[in-house]
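# Understanding the architecture of this molecule
Chain by chain, the residues run as shown.
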Amino acid sequence: MWLIFGLIAIVATFINLNMYTTGKDYKLAMAMGLSFTALTICSEYSLVSQWVKVENWPALWEVPNFERALWFLTVVSILLNIAPLLLELKNKK
């Protein structure tokens, strides 16, 4: 499920950026991108929780790698999704 949410978050982020560059209202796409990023993190956490419940220790050894990727992708998603908002504020000044 985390993969589906992640792909939707990526698509929504690109729609957000595309809508901003074409001058359309991008705020719904921005909210969707950020929301699906949050859902991706929650579903990844649920996956790790399931691994703990079934004591799948070999799978848990990979968690540090997932952690770095999730942090990186989350920060990139936040920055890309709020970039149009920040650019709009900068242009108003």
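Structure report, in brief. (Residues numbered from 1 in each chain as written. Predicted model: local features only at pLDDT ≥ 70, side-chain atom pairs only at ≥ 80, totals over all residues. Heavy atoms only, no water.)

## Regarding the layout of surface pockets
To find the voids left in a structure, one rolls a probe of water-molecule size over its atoms. Roughly 450 Å³ of volume is contained in the largest pocket. Taken together, 20 residues form the lining of the largest pocket, with Gly6, Ala9, Ile10, Thr40 and Leu73 sitting closest to its centre. Going through the elements one at a time, helix H1 (2–21), helix H2 (27–53) and helix H4 (63–92) are the ones with two or more residues in the lining of the largest pocket. A per-class count over the lining of the largest pocket returns 13 nonpolar, six polar and one charged. Looking at the lining of the second largest pocket, the elements that each hand over two or more residues are H2 and H4. For the lining of the second largest pocket, the element with the most residues is H4, which contributes six residues. Among the residues forming the lining of the second largest pocket, the class breakdown is seven nonpolar, one polar and two charged. (1 Å grid on protein atoms, 1.4 Å probe; cavity = no way out; pocket = protein on both sides within 12 Å on 5 of 7 lines; lining within 4 Å. Points joined across faces, edges and corners; volume = space filled by probe spheres on them. Helix = DSSP H or I, 4+ residues; strand = E, 2+ residues; numbered from the N terminus. Nonpolar A, V, L, I, M, F, W, Y, C, P; charged D, E, K, R; others polar.)

Fair warning: the whole summary comes from geometry, so function is off the table for now.
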